[in-house]
Amino acid sequence: MADTNLKVAENIAGKWYVDENCIACDSCISIAPDHFVMSEDGSHAFVTKQPESPEEETLLADSKASCPVDAIGEDGE
């Protein structure tokens, strides 16, 4: 389960975030490329756009479900 105390700094403010446990597997980016990108050094992904529709919310939920290390959270602010 993702930890709001470990959010990576690059996340845009909002409910969804990636934490420091990310292993840069690229799964979230392949599912929701408009919402996640990889850091410049390639060490982790982060959220660049919060969902604005039910369809986008589903994409982020699917990304969370696909994360092998549970680094995506949906309880941020």
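Everything numeric here is computed off the predicted structure, so don't read it as measured data.

K.L.:
Give a description of the nonpolar core that names residues and reports values.
P.N.:
Counting 15 residues, the largest nonpolar core has V18, C28, F36 and I72 as the members making the most contacts within it. Elements with a contribution of two residues or more to this core: helix 1 (27–31) and strand 3 (45–47). With three residues, the top contributor of residues to this core is strand 3. In this structure V18 touches K7, V8, N11, F36, A45, F46, V47, A71 and I72, once residues within four positions along its chain are discounted.

K.L.:
Describe the state of the cysteines, naming the residues involved and giving the relevant values.
P.N.:
Tallied over the full model, the rule gives zero disulfides. We note that C25 lacks a disulfide partner, and the nearest cysteine sulfur, in C67, lies 5.8 Å from it. On the basis of relative accessible area, C67 is assigned to the buried category, the value being 13%.

K.L.:
I'd love a proper account of the pattern of salt bridges, names of residues and values included.
P.N.:
Overall, the coordinates contain four salt bridges when judged by the stated rule. One salt bridge connects K49 with E56, and the closest N-O pair in it is separated by 2.8 Å. For E56, a relative accessible area of 18% puts it in the buried group. Overlapping salt bridges bring together K15, E57, K64 and E74 as one network.

K.L.:
Talk me through the side chain of S39; I want residue IDs and the actual numbers.
P.N.:
Mapped onto the elements of the fold, S39 is located in the loop between strand 2 (36–38) and strand 3. Among the polar contacts made by the side chain of S39, one reaches the side chain of D41 at a distance of 2.7 Å.

K.L.:
Could you give an account of unusual backbone geometry, naming the residues involved and the relevant values?
P.N.:
Despite not being glycine, A24 has its phi angle at roughly 60°, a positive value. Classification of A24 by relative accessible area gives partly exposed; the value is 23%. The phi torsion at D70 lies on the positive side, around 55°, for a residue other than glycine. Along the chain, D70 turns up in the loop between helix 2 (54–66) and strand 4 (72–73). On the accessibility criterion, D70 (40% relative accessible area) is partly exposed.

K.L.:
Before we move on, could you go through helix 2 and cite the residues and values that matter?
P.N.:
Between its first and last C-alpha, helix 2 extends 18 Å over 13 residues, near the 18 Å set by a 1.5 Å rise per residue. Looking only at helix 2, the buried set comprises E56, L60 and S63. Viewed end-on, helix 2 has its buried residues packed into an arc of 55°, placing them on one side of the element. Among the exposed residues of helix 2, those pointing more than 90 degrees away from its buried face are P54, E55 and A65. On the buried face of helix 2, the contacting elements are helix 1, strand 2 and strand 4.

Conventions used here
Residues numbered from 1 in each chain as written. Predicted model: local features only at pLDDT ≥ 70, side-chain atom pairs only at ≥ 80, totals over all residues. Heavy atoms only, no water. Core = buried A, V, L, I, M, F, W, Y, C linked by side-chain atoms within 4.5 Å. Buried < 20%, exposed > 50% of the residue type's maximum accessible area, 1.4 Å probe, protein only. Helix = DSSP H or I, 4+ residues; strand = E, 2+ residues; numbered from the N terminus. Contact = heavy atoms within 4.5 Å. Disulfide = S-S within 2.5 Å. Salt bridge = Lys/Arg side-chain N within 4 Å of Asp/Glu carboxyl O. Polar contact = N/O pair within 3.5 Å; in protein donor to acceptor, adjacent residues only side chain to side chain. Expected span 1.5 Å × (residues − 1). Arc of directions from axis to C-beta.

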